[in-house]
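Structural overview for review
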Amino acid sequence: MPEQSFQALGTEPFWSVYVEPGRLRYTTPENQEGTTFTASRAVDGEAQIWTGTFEGSAFTLKITPGTCGDGMSDTVYPYTALVTMQDRTLRGCARLR
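Residues numbered from 1 in each chain as written. Predicted model: local features only at pLDDT ≥ 70, side-chain atom pairs only at ≥ 80, totals over all residues. Heavy atoms only, no water.

**Some words on the sheet that holds strand β2 (residues 15–20)**
What the eight strands build is a closed barrel, ordered β1-β2-β3-β4-β5-β6-β7-β8; its pairing is antiparallel. In this sheet, neighbouring strand axes are inclined to one another by 30 degrees on average, regardless of whether the strands run parallel or antiparallel. As paired elements, strand β3 (residues 23–28) and strand β4 (residues 31–44) share five bridges and run antiparallel to each other. Bridging from a neighbouring strand, Tyr-26 pairs with Thr-35 of β4. (Pairing = 2+ DSSP bridges. Helix = DSSP H or I, 4+ residues; strand = E, 2+ residues; numbered from the N terminus. Axes fitted to C-alpha atoms, helices over the stretch in contact; angles between N-to-C directions.)

What follows is the structure in structure tokens.
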């Protein structure tokens, strides 16, 4: 499975992760420019998983095919997203960019 560019996003709290080959960019309303860091990609069945180090802590993004709603709009996304970082878990949706 070739690496694709994604945008993963979530609400309450608002966050976004942009996936580009070899790196991720994590953004929040407080940091709209985002923080970019290197990441490695692995495939586990239908899931794609990126791991890296964000602000000195482990960061994992897992994107899995499946219908997802962000809870704030009527937008339906084709993927679910799960971020684990700094002892937190963020759940959201994702789409191809």
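**A look at the nonpolar core**
In terms of nonpolar packing, the biggest core is built from 20 residues, with Val-17, Leu-24, Tyr-26, Phe-59, Leu-61 and Ile-63 touching the most fellow members. Elements with a contribution of two residues or more to this core: β1 (6–10), β2, β3, β4, β5 (47–54), β6 (57–69), β7 (76–85) and β8 (88–96). Here this core takes four residues from β7, the largest share from any one element. (Core = buried A, V, L, I, M, F, W, Y, C linked by side-chain atoms within 4.5 Å. Buried < 20%, exposed > 50% of the residue type's maximum accessible area, 1.4 Å probe, protein only.)

**Regarding the packing of aromatic side chains**
Applying the stated criterion to the full structure yields seven aromatic pairs. Cluster of aromatic residues (ring-pair linked, three or more members): Tyr-26, Phe-37, Phe-54 and Phe-59. The ring of Tyr-18 carries the charged tip of Arg-25 above its face, separated from the ring centre by 4.3 Å. (Phe/Tyr/Trp six-rings, centres within 6.5 Å; stacked < 30°, edge-to-face > 60°. Lys NZ or Arg CZ within 6 Å of the ring centre and 35° of its normal.)

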